[in-house]
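Each chain, written out:
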Amino acid sequence: MTLNIGVIGTGAIGREHIRRIARNLSGGKITAVTDVNQEAAKAVVENFGLDAQVYPDDKTLLAQGGVDAVLVTSWGPAHEQSVLAAIEAGKYVFCEKPLATTAEGCRRIVDAEIKHGKRLVQVGFMRRYDSGYVQLKRAIDERFIGEPLMIRCAHRNPEVGEGYTTDMAITDTLIHEIDVLHWLVNDDYKSVQVAFPKKSRHASGHLGDPQVVTLETHGGILITAEIFVNCRYGYDIQCEVIGEEGIVKLPEPASISFRKDATQGTSVLMDWKDRFIDAYDREIQDFIDAVSGGGEPQGPTAWDGYIAAVTADACVKAQQSGAREEIELGEKPALYEGRALSQA
Ligand code: NAI
Ligand code: NAD
Ligand code: ISE
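Residues numbered from 1 in each chain as written. Chains lettered and ligands numbered in written order. Predicted model: local features only at pLDDT ≥ 70, side-chain atom pairs only at ≥ 80, totals over all residues. Heavy atoms only, no water.

Here we come to the UniProt feature "domain: Gfo/Idh/MocA-like oxidoreductase C-terminal" (unreviewed entry) in the protein. Look at the UniProt record and you will see "domain: Gfo/Idh/MocA-like oxidoreductase C-terminal" (unreviewed entry) annotated at residues 137-323. The span residues 137-323 is 34% helical and 26% strand by assignment, and the distance between its end C-alpha atoms comes to 31 Å. (UniProt positions renumbered as here; feature names shortened; annotations may be inferred. Helix = DSSP H or I, 4+ residues; strand = E, 2+ residues; numbered from the N terminus.)

To continue, consider the sheet that holds strand 4 (residues 69-72). Taken in spatial order, the 6 strands make up an open sheet running 3-2-1-4-5-6, and their pairing is parallel. For this open sheet the edge positions go to strand 3 (53-54) and strand 6 (121-123), each flanked by a neighbour on one side alone. Along the sheet, helix 1 (residues 12-24) makes contact with strand 1 (3-8), strand 2 (28-34), strand 4 and strand 5 (92-95), crossing strand 2 at roughly 150°. (Pairing = 2+ DSSP bridges. Contact = heavy atoms within 4.5 Å. Axes fitted to C-alpha atoms, helices over the stretch in contact; angles between N-to-C directions.)

Looking now at the packing of helix 1 against helix 9 (residues 277-292). Two elements in contact, helix 1 and helix 9, have axes whose closest approach is 11 Å; the angle formed by their N-to-C orientations is 70°. Of the possible angle classes, the one that applies to helix 1 and helix 9 is roughly perpendicular. The handedness of the crossing between helix 1 and helix 9 comes out as right-handed. Taking contact as the criterion, the partners of Ile13, His17, Arg19, Arg20, Ile21 and Asn24 in helix 1 are, on helix 9, Ile277, Tyr280, Asp281, Glu283, Ile284 and Ile288. Looking at the contact of helix 1 with helix 9 residue by residue, the class counts come to 6 nonpolar, 2 polar and 4 charged. (Parallel < 35°, antiparallel > 145°, perpendicular 65-115°, else oblique. Left-handed = near helix turned anticlockwise from the far one by under 90°. Nonpolar A, V, L, I, M, F, W, Y, C, P; charged D, E, K, R; others polar.)

In this section: the pattern of salt bridges. According to the stated counting rule, one finds 20 salt bridges in the structure shown. With a closest N to O distance of 3.1 Å, aspartate 111 and arginine 107 form a salt bridge. Note that aspartate 111 and arginine 107 are positioned in helix 5 (residues 103-116) at a spacing of 4 residues, about one turn of the helix. Among the ionic pairs, aspartate 141 bridges to lysine 137, the shortest N-O distance being 3.5 Å. One end of the pair, aspartate 141, and the other, lysine 137, are both in helix 6 (residues 131-141), 4 residues apart, so they sit about a helical turn from each other. With a relative accessible area of 39%, aspartate 141 lands in the partly exposed category. Its relative accessible area of 3% is what places lysine 137 among the buried residues. A network of salt bridges, in which partner residues are shared, links Glu16, Arg19, Arg20 and Asp281. (Salt bridge = Lys/Arg side-chain N within 4 Å of Asp/Glu carboxyl O. Buried < 20%, exposed > 50% of the residue type's maximum accessible area, 1.4 Å probe, protein only.)

Shown next as structure tokens:
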């Protein structure tokens, strides 16, 4: 059965996901698109040669019988409204991170899904589908390095636009680590503290860059995560888990090594689209496969989106206070028990 998919938001990642569904993946067809910028939506239909209708807004798109599922790829502040409308219409929804920009907004989505009585939502935390992270998780689950004690990681972007603010280092960027790290070690976060080292001259006046976030889990694992979004040299994601018996490290993306002009080296990627291209393919294919037959999505849940938002709120508070801030999640609702722990 072909899954008819509507896309809400045809910007950078909306177009990427449309391209992969139309050209690379199987079982899905883009039948509807919308964007607040209607010209952008029309251009996408034309450029990809889609057999799809352009609708004026998310609600009109969701009212169509020819849509089984939607991808929400608009900018973050618009996600909550579209996801709630999709649940209300009983449609499956794949939502890019963040699920909503506030913990309260994520909680409203969780409550709407619980009321509906079945999981409809998957959140775009694609790193859980990356083969490197999957290998790390297997090694940790099998206690290859004994008990994990510490994690050191880095999230570096070559540059960001003027509109990127200090809190976005958490809500837009670190949010990927926030999701993948608690999944990796099967533990919950307890507290967070944020430090600002000497500022890079490449960062805009209003942006604190780089930043170092220290997270502690209930089990006592200490995580240090560097966020550096004007590092210039590349898009670089690092993760090293230090255990009682050894260390496991995220593999570098495969690339040829070279010797040229008295230099020996390998290239570093520059674009997030390339770094996780296989993981994006896998997460969307998994979503299509899971929901096509009427089943529930198997990827990161609305509750995972909520965990990320609560943790991000505490991180932003810690940016402002300089103090150690507690992270309190509350009880996991029954609908999400035993879900989305491993895509291995
Ligand atoms: P973008 O700005 O390129 O695209 C957003 C699009 O949404 C624009 O075309 C805009 O006109 C449209 N839009 C905004 N509000 C809308 C609304 N209410 N209804 C319909 N369309 C609306 O942004 P980008 O980079 O594509 O990011 C989109 C989302 O994807 C964000 O939530 C972002 O966090 C996420 N993202 C995730 C990545 C990942 O690695 N998983 C990577 C990049 C983005
Ligand atoms: P973008 O600005 O390129 O695209 C956003 C699009 O959404 C724009 O075309 C905009 O017109 C449209 N839009 C905004 N509000 C809308 C609404 N209410 N209804 C319909 N369309 C609306 O942004 P982007 O880089 O594509 O990012 C979009 C989302 O994807 C963000 O949430 C971002 O965090 C996420 N993202 C995730 C990853 C990832 O690695 N998973 C990478 C990039 C972006
Ligand atoms: C972007 O929205 C993403 O999700 C990328 O994965 C991340 O590296 C970048 O910092 C964000 O702006």
